[in-house]
Number of protein chains: 2
Amino acid sequence: MMIPAAVNLGIEIRVLAETDGMSAGLAAFGVGDYRNREVVLAFAETVDVITFDHEHVPQEILRELVERGVAVHPGPDALLYAQDKLLMRQKLSELGLPVPDWARVENSTQLAEFLADHGGRAVVKTARGGYDGKGVRVVRHAHEADDWFLALAEDANGGALLVEELVEFKRELAQLVARRPSGDIVAWPVVETVQRDGVCAEVIAPAPHSSGRLSEVAESIAIAVAEGIGVTGVMAVELFETVDERLLINELAMRPHNSGHWSIDGSTTGQFEQHLRAVLDLPLGGTGARDAWSVMVNILGGPAEGSLMDRYPGALEAYPSVKVHNYGKDPRPGRKVGHVTAGGDDLDDVVYQARATAAFFQD
Amino acid sequence: MMIPAAVNLGIEIRVLAETDGMSAGLAAFGVGDYRNREVVLAFAETVDVITFDHEHVPQEILRELVERGVAVHPGPDALLYAQDKLLMRQKLSELGLPVPDWARVENSTQLAEFLADHGGRAVVKTARGGYDGKGVRVVRHAHEADDWFLALAEDANGGALLVEELVEFKRELAQLVARRPSGDIVAWPVVETVQRDGVCAEVIAPAPHSSGRLSEVAESIAIAVAEGIGVTGVMAVELFETVDERLLINELAMRPHNSGHWSIDGSTTGQFEQHLRAVLDLPLGGTGARDAWSVMVNILGGPAEGSLMDRYPGALEAYPSVKVHNYGKDPRPGRKVGHVTAGGDDLDDVVYQARATAAFFQD
């Protein structure tokens with residue numbers, strides 16, 4: 001999704017892709033493994049700025065790039081906090097930002113203590129991805145994380161798990177910001193994100209009932225995060241709005257993020273254009289909403305047979321003004337294969353149109 | 001500019017380009033000459049639908065493609081009227097559509113007669129491009145077209161010139177429509193186009209004072225043209241609004257057109273997305289304006305030294321909400337190297353912002 005923004009601005013974009021898919025084919029410079037030092041270093045020699053659509057490039061490679069004088073945005077110091085949730089929690093606590101109660105736990109005894117102090121339930125997370133599925137688990141007994149402790153014990157790097165209080169929240173929000181290396185920062189309106197089965201399903205922009213204090217607090221939190229850890233490019237801060245009306249930081253994403261897809265069609269500057277402007281240290285674009293309401297609905301999985309394209313006649317006929325984004329990926333249960341964005345003055349109608357359009361693409 | 005729309009919709013696009021420029025590099029299948037039968041036939045075998053960003057592919061090649069069963073949109077029967085201005089005038093007259101007084105003239109005697117009947121001045125046009133510059137000349141004496149008559153006399157295909165009354169117009173308008181092979185047709189708001197030195201400089205959408213009758217007449221004319229000659233894809237009808245408040249058809253363009261660039265940022269469906277939907281016979285998108293006013297200003301020529309990109313810091317800083325489109329072409333006097341689009345509620349402010357942004361890119 002960065003390619004259209006790059007084409008419009010006349011920015012030459014080169015993609016280092018793992019496989020030669022459709023999006024790679026459009027702008028590919030090379031196919032290779034981002035974990036392979038030689039591959040990344042060779043790629044870096046062909047471009048002015050390196051950026052990412054995920055946070056998994058190893059720190060050692062990022063730091064070598066920086067030492068060689070390559071402009072890397074976001075840089076390794078910032079990316080570290082998106083790569084390691086324990087370091088992230090620690091840093092945000094140091095910055096005095098609102099986070100759920102948390103602890104670093106190295107064994108089930110420590111976890112049991114945390115559970116005892118927090119009503120007998122908690123969320124356990126692996127600090128880094130890769131141990132198990134998505135690495136997030138709600139537990140009521142300390143032994144429910146035994147497999148993860150065992151894996152850590154067997155890991156030469158050692159490590160620990162992150163445990164957090166299970167926050168009672170009214171809803172989840174996300175605050176998207178973009179920051180240039182020179183320090184300028186802009187924020188889009190705070191949005192409401194609706195998760196289903198742990199996956200983002202819908203986003204409403206702006207978040208209903210967010211005018212005034214709520215949006216100001218969300219924005220000030222995200223700006224404090226971005227400045228506190230030196231983020232460059234787009235960052236999404238996922239927030240809990242608690243039942244007692246506090247905002248707590250859930251997760252950080254240091255890249256254009258699903259919660260910001262509405263901005264492609266719904267804001268003066270879409271997040272992918274903004275990300276390019278930010279990482280190139282160009283002046284940032286306006287972040288106003290173009291409609292009273294924008295609603296983004298993910299296309300999850302896609303049709304059981306055939307492709308998304310097969311559903312265009314029905315979907316585009318029924319909802320001619322909803323914007324459809326098709327990632328050109330093969331349908332697979334649960335996979336994000338596209339999204340749709342509707343906009344307008346009547347939130348109920350906008351939600352209806354977005355959901356109904358997305359439904360055409362799912363069985 | 002078709003590439004971003006194709007990427008968003010997951011449509012695989014392949015470009016047959018004359019030279020291997022930046023836009024070609026993004027999606028190029030091959031570099032080759034569109035006038036070369038073998039090149040075009042080979043290219044056609046790799047795609048489902050053929051469309052164009054100019055009207056110059058020779059009729060013989062287009063007709064052979066159709067005979068071979070290739071979907072060609074717009075088809076040769078329609079494109080003929082964009083390729084040959086004499087045939088276009090004849091066809092529009094047959095359809096009973098409003099055109100300036102015109103005649104086919106084969107020599108200066110016939111031209112002198114037309115001049116005598118039209119106040120001693122007229123516009124002479126070559127039927128097909130290629131004889132001289134842009135092929136349009138205002139004349140007051142019959143001998144002022146002698147070089148063109150001479151060129152026609154030496155041309156084995158023979159032919160004639162088109163002469164038209166010099167229309168006294170208040171302003172120029174353009175009506176953009178899109179039509180599917182199955183017949184559905186949609187129209188954007190009629191726009192005002194401002195020409196300088198024979199080149200489109202600015203477009204205001206919608207055309208000021210166009211609500212009501214004017215927009216209805218413009219739309220009905222363009223629909224009649226599209227249906228009358230079987231256009232598929234996007235078509236722009238350039239119109240004169242005469243001092244006595246009639247609309248007369250000036251030119252036709254059977255492709256996304258400069259007068260429609262505002263729609264990329266200013267309409268629910270941009271003309272390039274719509275063109276793709278139309279030529280693929282998919283349902284057409286909403287054509288409403290997203291702002292009260294959109295103003296598009298062309299970047300003509302570009303900076304005397306360096307590239308458009310060099311001007312981004314100043315332009316984007318001063319006008320963060322104006323959308324900049326950089327075609328990635330080398331600056332050259334008079335060349336259309338990009339455009340900018342501003343949108344908002346106050347026309348004076350929108351015009352100011354668009355002009356001021358474009359000015360950053362020109363010396």
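Residues numbered from 1 in each chain as written. Chains lettered and ligands numbered in written order. Predicted model: local features only at pLDDT ≥ 70, side-chain atom pairs only at ≥ 80, totals over all residues. Heavy atoms only, no water.

Peer 1: I'm lost on the overall build of chain A in this one. Help?
Peer 2: What chain A contains, in helices and strands, is 13 helices and 17 strands. Relative to its length of 363 residues, chain A is compact, with a C-alpha radius of gyration of 21 Å against a globular reference of 21 Å. Dimensions of chain A, computed from C-alpha atoms along their principal axes, come out at roughly 60 × 50 × 45 Å. Relative to its full complement of 363 residues, chain A shows a buried share of 53%. When the accessible surface of chain A is split by element, carbon and sulfur atoms take 47% of a total near 15,300 Å². Taking the average location of the 32 positive side-chain charges in chain A and that of its 54 negative ones, the two points are 1 Å from each other. (Helix = DSSP H or I, 4+ residues; strand = E, 2+ residues; numbered from the N terminus. Rg over C-alpha atoms; globule rule 2.2 N^0.38 Å. Buried < 20%, exposed > 50% of the residue type's maximum accessible area, 1.4 Å probe, protein only. Areas by Shrake-Rupley, 256 points an atom, 1.4 Å probe, with all protein chains shown as cover. Lys, Arg positive; Asp, Glu negative; His and termini not counted. Charge placed at Lys NZ, Arg CZ, Asp CG, Glu CD.)

Peer 1: Just checking my understanding: could you explain the packing of helix α4 (residues 59-67) of chain A against helix α5 (residues 76-83) of chain A for this structure?
Peer 2: To characterise two packed helices, one gives the angle between the axes of the helices and the distance between these axes. All names here are of chain A. Here α4 crosses α5 at 165 degrees, and the two axes come no closer than 10 Å. As far as their axial angle goes, α5 and α4 are roughly antiparallel. Like other packed secondary-structure pairs, α4 and α5 cross with a definite hand, here right-handed. Every residue of α5 that contacts α4 at Q59, L62, R63 and V66 is listed here: P76, D77, L79, L80 and Q83. Across the contact of α4 with α5, the residue classes break down as five nonpolar, two polar and two charged. (Axes fitted to C-alpha atoms, helices over the stretch in contact; angles between N-to-C directions. Parallel < 35°, antiparallel > 145°, perpendicular 65-115°, else oblique. Left-handed = near helix turned anticlockwise from the far one by under 90°. Contact = heavy atoms within 4.5 Å. Nonpolar A, V, L, I, M, F, W, Y, C, P; charged D, E, K, R; others polar.)

Peer 1: Is there a simple way to explain the sheet that holds strand β6 (residues 122-126) of chain B in this structure?
Peer 2: Sheets are built from strands paired through backbone hydrogen bonds, the pairs being either parallel or antiparallel. Residue and element names in this part refer to chain B. With antiparallel pairing, the four strands of this open sheet are ordered in space as β5-β8-β6-β7. Each edge of the open sheet is held by one strand with a lone partner, namely β5 (102-105) and β7 (136-139). Taking the axes of each pair of neighbouring strands and ignoring which way they run, one obtains an average angle of 25 degrees across the sheet. Contacts from helix α7 (residues 108-117) reach β5, β6, β7 and β8 (161-165), with the element oriented near 165 degrees to β5. (Pairing = 2+ DSSP bridges.)

Peer 1: What exactly am I supposed to notice about a negative patch on the surface here?
Peer 2: On the surface, a cluster of negative charge is contributed by D345(A), D346(A), D348(A) and D349(A). Relative to the assigned elements, D345(A) resides in the loop between β17 (336-344) and α13 (347-360). (Patch = residues over 30% accessible without salt bridge, like charges linked within 9 Å, V, L, I, M, F, W, Y side chains within 5 Å. Salt bridge = Lys/Arg side-chain N within 4 Å of Asp/Glu carboxyl O.)

Peer 1: It is not clear to me how the domain arrangement of chain A should be interpreted in this structure. Could you clarify?
Peer 2: Think of interface size as the accessible area that goes away when the parts come together; that is how it is often given. In terms of domains, chain A is made up of domain 1 (2-82), domain 2 (101-165) and domain 3 (169-360). With centres defined by C-alpha atoms, the gap from domain 2 of chain A to domain 3 of chain A works out at 30 Å. (Domains from an automatic or database assignment.)

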